[in-house]
Number of protein chains: 4
Amino acid sequence: MTARIVHDNYGKSRVRLLKVDRRTERHEIQNLTINIALEGDFDAIHTEGDNSLCLPTDTMKNTVYALAGQKQEVEPVEVFGGRLAAHFLKNNEQVSRVVIDLVEHGWKRMKFDGDEHDHSFVRGSNEKRIAKIAATRDGVTVESGVEDLIVLKTTRSAFVGFIKDEYTTLPEATERIFSTAIKAVWRYTSADEASDDVFSSIRKTILKVFAEHDSLSVQHTLYAMGEAVLNEFPEVDEVAFSLPNIHCLPIDMTKFGQQNDNRIFVPTDEPHGLIEARLAR
Amino acid sequence: MTARIVHDNYGKSRVRLLKVDRRTERHEIQNLTINIALEGDFDAIHTEGDNSLCLPTDTMKNTVYALAGQKQEVEPVEVFGGRLAAHFLKNNEQVSRVVIDLVEHGWKRMKFDGDEHDHSFVRGSNEKRIAKIAATRDGVTVESGVEDLIVLKTTRSAFVGFIKDEYTTLPEATERIFSTAIKAVWRYTSADEASDDVFSSIRKTILKVFAEHDSLSVQHTLYAMGEAVLNEFPEVDEVAFSLPNIHCLPIDMTKFGQQNDNRIFVPTDEPHGLIEARLAR
Amino acid sequence: MTARIVHDNYGKSRVRLLKVDRRTERHEIQNLTINIALEGDFDAIHTEGDNSLCLPTDTMKNTVYALAGQKQEVEPVEVFGGRLAAHFLKNNEQVSRVVIDLVEHGWKRMKFDGDEHDHSFVRGSNEKRIAKIAATRDGVTVESGVEDLIVLKTTRSAFVGFIKDEYTTLPEATERIFSTAIKAVWRYTSADEASDDVFSSIRKTILKVFAEHDSLSVQHTLYAMGEAVLNEFPEVDEVAFSLPNIHCLPIDMTKFGQQNDNRIFVPTDEPHGLIEARLAR
Amino acid sequence: MTARIVHDNYGKSRVRLLKVDRRTERHEIQNLTINIALEGDFDAIHTEGDNSLCLPTDTMKNTVYALAGQKQEVEPVEVFGGRLAAHFLKNNEQVSRVVIDLVEHGWKRMKFDGDEHDHSFVRGSNEKRIAKIAATRDGVTVESGVEDLIVLKTTRSAFVGFIKDEYTTLPEATERIFSTAIKAVWRYTSADEASDDVFSSIRKTILKVFAEHDSLSVQHTLYAMGEAVLNEFPEVDEVAFSLPNIHCLPIDMTKFGQQNDNRIFVPTDEPHGLIEARLAR
């Protein structure tokens, strides 16, 4: 008996890059982590140990550095990812599909007395700008998004009217803390629509809805955020959210001779609710 | 405009459980982390903030503890996960699909002078036994597997004959360290086939092939492991592997006045190759 | 034989707190993680299992919440830590020394079109404001600082003129990336000197020296930062730094047919240099 | 004003090593992570940027590989650490003190049908064997120990008779789960006393006391473990423990219509008690 390969892919993960644009005294930096995965005609690698159609993952890593070096300027992640995908497709006939996942880590320019510094930077939050480029010889799909965008609001969040059964102990809450680590990924109608400006605008729309929405559940706010993105950005045709509920549990202060007035909480990591949905027009 | 919900699910993640069987003086323990995700008729939760069909994730957590308490004995993860899935389907008409992910953390009984201790345990490795139960009103699919099963062999691994291009710097290697963190997940032909015995036998088959195979690439050994599982276990109809290549890079000892004799390596976490495939009959 | 207790301490670690000041519509939040350690007359707990002088660590946790609730306003970490230390000393005769370690996690108020939002926040960077209060019946020592303040400069850093021996392979570098995760802790001349303003000013001084210094080594810049703190802040009598060297290794681009022009780097976590010093007047 | 250096040290951290002994077909492996820190005459490095007495941390890393390569056999960590310390002292007059911290990661030989495999290994638990070598020109101190040795017992642990105050909510427990991650470090009376055999025997003594002790508190068992080590091992003159209390909280099953019979627990990571003591003769 010979086993059948239903699906396979291989590549290099966690390729780290720091690129500096030194063309002027005001340096720019870009800090990425990149995963590359190839699909294609790899059966003989598996079944025969024949590597004649195997591009080593080490070469994929080198290709990241070589292609980054070809451009002096810092490119949007979607553009750099697109160049990488095109390179692998063009130079490897055996490859039918390339997926490039990029994570951009934020750095902020230092500022002293209102002046931005030319060459010194402070690491930003753990929030990540992410992009996924999936390319075949028939076309390219580009998704962009944010991950680990941690937010919290201290009012305008409730959770009532839910199912009660024999195992229910959760009280209804008309006023609760709402905190989550937003992962949002949107797909562009075409690869050309991706840009730094659209990214920033979508991110801002999501934050604004989070802040202003009268939330009746995590699902309710998720939907409102997604609807706003689809309403305001015709260049997006689908948006997906993954929202862990970072529960901030109110401490029962009556045990300590105080009133419960919704001021003292213990934030917890586990267990946590996880709410996910994908929305389209 | 109203956005359309393409897909959604919600549930509780990272529910931790320690269960003790105290029926005899020789105690048994089971230590699990469980994720629960429900799919169903949840549109009104999203669009109206109407929670009347919303089972709170807090109740899901309570249900884990309640159902665990109903049985004195330690159950195989697949059995406990199956009971959980059945409970949510039975008691929630609005739910169409339940996915239960279980991770079992290993503990070993302490042993002194050959005698196993009745009630004291040492934590095992980070290797995890995992199971996924996906249940609808039409049927149940059970997958089992291992994760973070870290292995290493010091010989009988090579990587030669690969593509060379303008960015290749990797030398061919006829003798290299092969180390990986095996994630393997197999699907049973029917939910009833899952058992502790079959789990242990499949795990052993995978390890044995890893140890004995004359590896010409990670893919080559992946395929051999998968083929062996499908050959030996008719109760399995599909098996998938995800194998990060934990590169152990040989140090160039000639810089230090010594020979390169393949004895001194630096193990690295990043970047790493990642080889994945799904095999079936 | 009875063993002698040379030193002991016990307490509660990783007590998490989220406090909300709701006195006006513009809410303030404070997010802390707190470790408490007590020293004192605990010999009988160890040797006899006599807990009559043992304050449970669970009660320490409760005390954090009770004392936080007593004040409507958000206090500087040093003030809150001082209240906790004083409480444990006052109410527990058997305790001779209390050490409170506090970590404050940064949150930034959301801002839309220039307007700060009343009740919505975004998590800041992983940079932590830290404080350590060590109190006995004879006095209180207060140390404050920053941890995981990750910085990077793209020029004005060199490392030349070092020792060469039989195992040297590092080339001299007149122009290198300098990146580190600053941990700096300073001790105040008296507990009353600690304040949010002094904290911010010292942090700014450290960043400014990092940005402007013509660095000849990590040690050289460490010393310059410490000297500036001691020169500018008479309320500080000692400052200590722990600076991991986050090596950003230049890629050899000549292998890819390009020039080495100091633009493409791989940032690494391990191995890393670690430079530490404590400076005083 | 010039700042005074109260203390300083520098070195390389997280140097990873995999060493293979290939002298017979039955290969041996050793997997270490090593931190090196030097103290000495480094003032000019800090104050002048004069690196003429600075041994680069990159060279320290190379020295680890060079010295590891000099021996075909796998050495006990204390022996290898001692060689490293002696090398740095001998070749660097400006260095007055060397501290080498070594962590050994466990690997188990694979075994099939009772036969140990010659060249294939499975990663053991996260338990680490640790050693610290502190050497000056006047002598060498060797400490050895274990870290992250996670243990759990399901009976023979109680906590009663403790202080009750206004913030107490913890009930007394005559039967509780006791779980901790043992960190134990012992100092040998002389560097020559360290060996693999003594290490294994001390580790076994600690585990046996943990398993057999009728624990009235974590402190009570800590002391019993330390006393046993000092009683049984004259080659040890001091032993220190750091024991986080991995609380396993009993679930209130009465809420779910069941009895509370001490079988269902939620293990937690935070907050956690932390009990520490250093014992000597």
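Residues numbered from 1 in each chain as written. Chains lettered and ligands numbered in written order. Predicted model: local features only at pLDDT ≥ 70, side-chain atom pairs only at ≥ 80, totals over all residues.

**Re the domain arrangement of chain A**
Accessible area lost when the parts come together is the quantity often used to give the size of an interface. Residue and element names in this part refer to chain A. Note the threshold: Domain borders in the structure are assigned automatically or taken from a domain database. Placing a C-beta atom from the backbone of each residue, one calls two residues in contact when those atoms lie within 7 Å. Think of it this way: any DSSP run of H or I at least four residues long counts as a helix, any run of E at least two long counts as a strand, and we number them from the N terminus.
Splitting chain A by domain gives domain 1 (10-137) and domain 2 (148-280). Inter-centroid distance (C-alpha atoms) of domain 1 to domain 2 is 31 Å. Each partner contributes residues to the interface: domain 1 has 7 residues there, and domain 2 has 7 residues. Breaking the side of domain 1 that touches domain 2 down by element, the ones donating at least two residues are α3 (77-91) and β4 (115-136).

**Some details on unusual backbone geometry**
Put simply, Glu270(A) and Pro271(A) share a cis peptide bond, and its omega is -10°. Structurally, Pro271(A) is set in the loop between β9 (264-267) and β10 (272-280). The phi dihedral of Asn262(C) falls on the positive side, at around 65°, and the residue is not glycine. Here Asn262(C) is to be found in the loop between β9 (248-250) and β10 (264-267).

**A look at the interface of chain A and chain B**
Heads up, the rule is: Classification convention: Asp, Glu, Lys, Arg as charged; Ala, Val, Leu, Ile, Met, Phe, Trp, Tyr, Cys, Pro as nonpolar; all other residues, Gly among them, as polar. A pair of strands counts as paired when DSSP detects no fewer than two bridges linking them.
Residue-level contacts link 66 residues of chain A with 66 residues of chain B. At the level of elements, β1 (4-21), α1 (43-48), α2 (57-69), α5 (218-232) and β10 of chain A are the ones that each hand at least two residues to the side of chain A that touches chain B. Residue contributions to the side of chain A that touches chain B peak at 13 residues, all from β1(A). Within the side of chain A that touches chain B, the residues separate by chemical class into 27 nonpolar, 25 polar and 14 charged. Two strands pair when backbone bridges link them, and β10(A) and strand β1 (residues 4-13) of chain B are joined in this way by 9 bridges, in the antiparallel orientation.

**Observations regarding the pairing of strand β10 (residues 264-267) of chain D**
Alignment of strand β2 (residues 15-21) of chain B against β10(D), held across 2 bridges, turns out to be antiparallel. Its bridge partner being in β10(D), Lys19(B) is matched across the sheet by Ile264(D). Pairing analysis gives 3 bridges linking strand β9 (residues 248-250) of chain D to β10(D), with the strands arranged antiparallel. Residue pairing across strands places Cys248(D) opposite Pro267(D), the latter belonging to β10(D).

**Side note on the relation of the copies chain A and chain B**
Relating one copy of the chain to the other requires a rotation about an axis plus a shift along that axis. Here is the rule: Here the copies were fitted onto each other by least squares, based on C-alpha atoms from residues at pLDDT of at least 70 in both.
Of the transformation placing chain A onto chain B, the axial shift is 0.0 Å and the rotation is 180°, giving an RMSD of 0.0 Å. The transformation relating the two chain copies, once decomposed into turn and shift, fits a two-fold axis. Mapped onto chain B, 100% of the interface residues of chain A again fall at the interface, so both copies present the same surface.

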